[in-house]
Amino acid sequence: MAFLEASKVSKSYRDKENREIVALSDFTLSVQEREFITIIGPSGCGKSSFLFLAAGLEPLTSGVLEFHGEPVTGPDPLSAMVFQEYLLFPWKTVQQNIEFGPELRHVPPDQRREVSGNLIKMVGLEGFEKRYPHELSGGMQQRVSIARALANNPKLILMDEPFGALDALTRETLQVELLKIWQQAKCTVLFVTHSISEAVYLADRVVVVSKRPGTIKEVVDIDLPRPRDREMFTSPRFIEYERYLKAMILDDI
Ligand SMILES: Nc1ncnc2c1ncn2[C@@H]1O[C@H](COP(=O)(O)OP(=O)(O)OP(=O)(O)O)[C@@H](O)[C@H]1O
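Analysis parameters
Residues numbered from 1 in each chain as written. Predicted model: local features only at pLDDT ≥ 70, side-chain atom pairs only at ≥ 80, totals over all residues. Heavy atoms only, no water. Near = heavy atom within 4 Å. Polar contact = N/O pair within 3.5 Å; in protein donor to acceptor, adjacent residues only side chain to side chain. Areas by Shrake-Rupley, 256 points an atom, 1.4 Å probe, with all protein chains shown as cover. Helix = DSSP H or I, 4+ residues; strand = E, 2+ residues; numbered from the N terminus. 1 Å grid on protein atoms, 1.4 Å probe; cavity = no way out; pocket = protein on both sides within 12 Å on 5 of 7 lines; lining within 4 Å. Points joined across faces, edges and corners; volume = space filled by probe spheres on them. Nonpolar A, V, L, I, M, F, W, Y, C, P; charged D, E, K, R; others polar. Domains from an automatic or database assignment. UniProt positions renumbered as here; feature names shortened; annotations may be inferred. Contact = heavy atoms within 4.5 Å. Buried area = accessible area lost by both parts, 1.4 Å probe. Salt bridge = Lys/Arg side-chain N within 4 Å of Asp/Glu carboxyl O. Buried < 20%, exposed > 50% of the residue type's maximum accessible area, 1.4 Å probe, protein only.

> What am I meant to see in the site of the ligand here?
Residues in close proximity to the ligand total 13 residues, the closest being Ser43, Lys47, Ser48, Ser49 and His194. A distance of 3.0 Å separates an oxygen atom of the ligand from a polar backbone atom of Gly46. Ser49 is positioned with one of its side-chain polar atoms (N or O) 2.5 Å from an oxygen atom of the ligand. Compared with its free state, where it exposes 640 Å², the ligand has 63% of that area covered by protein. Looking at the shell around the ligand, the elements that each hand over two or more residues are β2 (20-31) and α1 (47-54).

> What should I look at first to understand the layout of surface pockets in this one?
Here the idea is plain: a probe the size of a water molecule rolls over the atoms and shows the empty space left. Approximately 640 Å³ is the volume found for the largest pocket. Every element with two or more residues in the lining of the largest pocket is listed here: β6 (79-82), α2 (94-104) and α4 (138-150). Partitioning the lining of the largest pocket into residue classes produces 15 nonpolar, 5 polar and 4 charged. Residue-level mapping places the lining of the largest pocket at the junction of two domains, with at least three residues from each of domain 1 (4-78 + 154-250) and domain 2 (90-153). Considering only enclosed or pocket space, the second largest pocket measures out at about 200 Å³ in volume. Together, 13 residues line the second largest pocket, and Val115, Leu119, Leu150, Ala151 and Asn153 are the ones closest to its centre. For the lining of the second largest pocket, the secondary-structure elements that each account for two or more residues are α3 (109-122) and α5 (168-185).

> Help me understand the UniProt feature "domain: ABC transporter" (unreviewed entry) in the protein chain in this model?
UniProt annotation of "domain: ABC transporter" (unreviewed entry) refers to residues 4-236 when read in the numbering used here. As annotated, residues 4-236 has a helix share of 31% and a strand share of 26%, and its two end C-alpha atoms lie 32 Å apart.

> Would you mind going over the domain arrangement of the protein chain with me for this structure?
By a frequent convention, interface size equals the accessible area lost on bringing the separate parts together. Examined at the domain level, the protein chain breaks down into domain 1 (4-78 + 154-250) and domain 2 (90-153). Listed as interface residues are 15 residues of domain 1 and, on the opposing side, 11 residues of domain 2. Here domain 1 and domain 2 share an interface that buries about 1100 Å² over both sides, 70% of which is from carbon and sulfur atoms. Counting across the domain 1 and domain 2 interface gives 1 salt bridge. Glu177 is paired through a salt bridge with Arg143; the nearest N and O atoms lie 2.6 Å apart. Our enumeration of links across domain 1 and domain 2 arrives at 2 residue pairs in polar contact (both at pLDDT 80 or more).

> Help me understand empty space enclosed by the protein in this model?
One pass over the full model with this rule turns up 2 cavities of 30 Å³ or more. Around the largest cavity, the lining residues are Ile146, Leu150, Ile157, Met159, Leu178, Ile181, Trp182, Cys187 and Val189. Counting residues per element, the ones that place at least two in the lining of the largest cavity are α4, β7 (156-160) and α5. Sorting elements by how many residues they give to the lining of the largest cavity places α5 first, with 3 residues. Of the residues belonging to the lining of the largest cavity, the class tally is 9 nonpolar, no polar and no charged. What the second largest cavity holds in volume is close to 30 Å³. Surrounding the second largest cavity, Arg143, Ile146, Leu174, Glu177, Leu178 and Ile181 form its lining. Counting residues per element, the ones that place at least two in the lining of the second largest cavity are α4 and α5. Tallying contributions element by element places α5 first for the lining of the second largest cavity, with 4 residues. Taken together, the residues of the lining of the second largest cavity sort by class into 4 nonpolar, no polar and 2 charged.

> I'm lost on the environment of Leu169 in this one. Help?
Relative to the elements of secondary structure, Leu169 occurs in helix α5. With relative accessibility at 65%, the residue Leu169 sits in the exposed group. For the pair Leu169 and Val192, spaced 23 residues apart in sequence, the C-alpha separation works out to 19 Å.

Here it is in structure tokens:
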């Protein structure tokens, strides 16, 4: 049994004139535990919609979607979402933002402190515990968002263009760190991106979604060794994956 199983999932919305917009159709994907999956496709093809369905934040229109063997019917404490906008509480410090989830779950203060201390180390924010979000760069705020998501010890992390708003260098640094965090946290990641190189660099498998209504065009295994390093970006195999994926997306626009 797959860890996350989508079988013939479809999702429709209604626009203001009550016309149906089919965002996803016949979307079938099996994700295994601890896989790193990236999802790419043309703008508006339903990538974010799929994450929202998997997070239980939107109901499906038809099909079957199961997470750890149970139908997804609403938010699950074993999954967490990270968005492009950092969505931190501006009135809370780094530490308080990270401890928010455990606090809601009535985890005692000393245990919460331990959890946030470990995560602050993991995401490289030591020394910034008492800072407020407005005192941090975009990259640091996104580190806090990732730590906050991890604070509930999720098994599945759904990331919607998390590095989309960051400058190129910060983005590269966070890609490297995310892979380390993923390996340490032993979780499964579904990661939506518009960047083909980011998709290849991070993934075990890249899911290519067709233009709307989004359906899976192809799932490409990324046969590059781990741990990944930046040198790979210029390797012939990496460039070949990029070229192949780009052609597939351009073919659809
Ligand atoms: N809440 C909503 N109500 C109505 N239509 C919606 C809603 N959410 C998404 N849509 C529509 O569904 C389609 C798929 O949107 P979605 O955001 O999932 O695509 P995407 O591939 O993530 O796009 P992008 O790459 O531009 O972020 C789009 O046409 C979008 O306008």
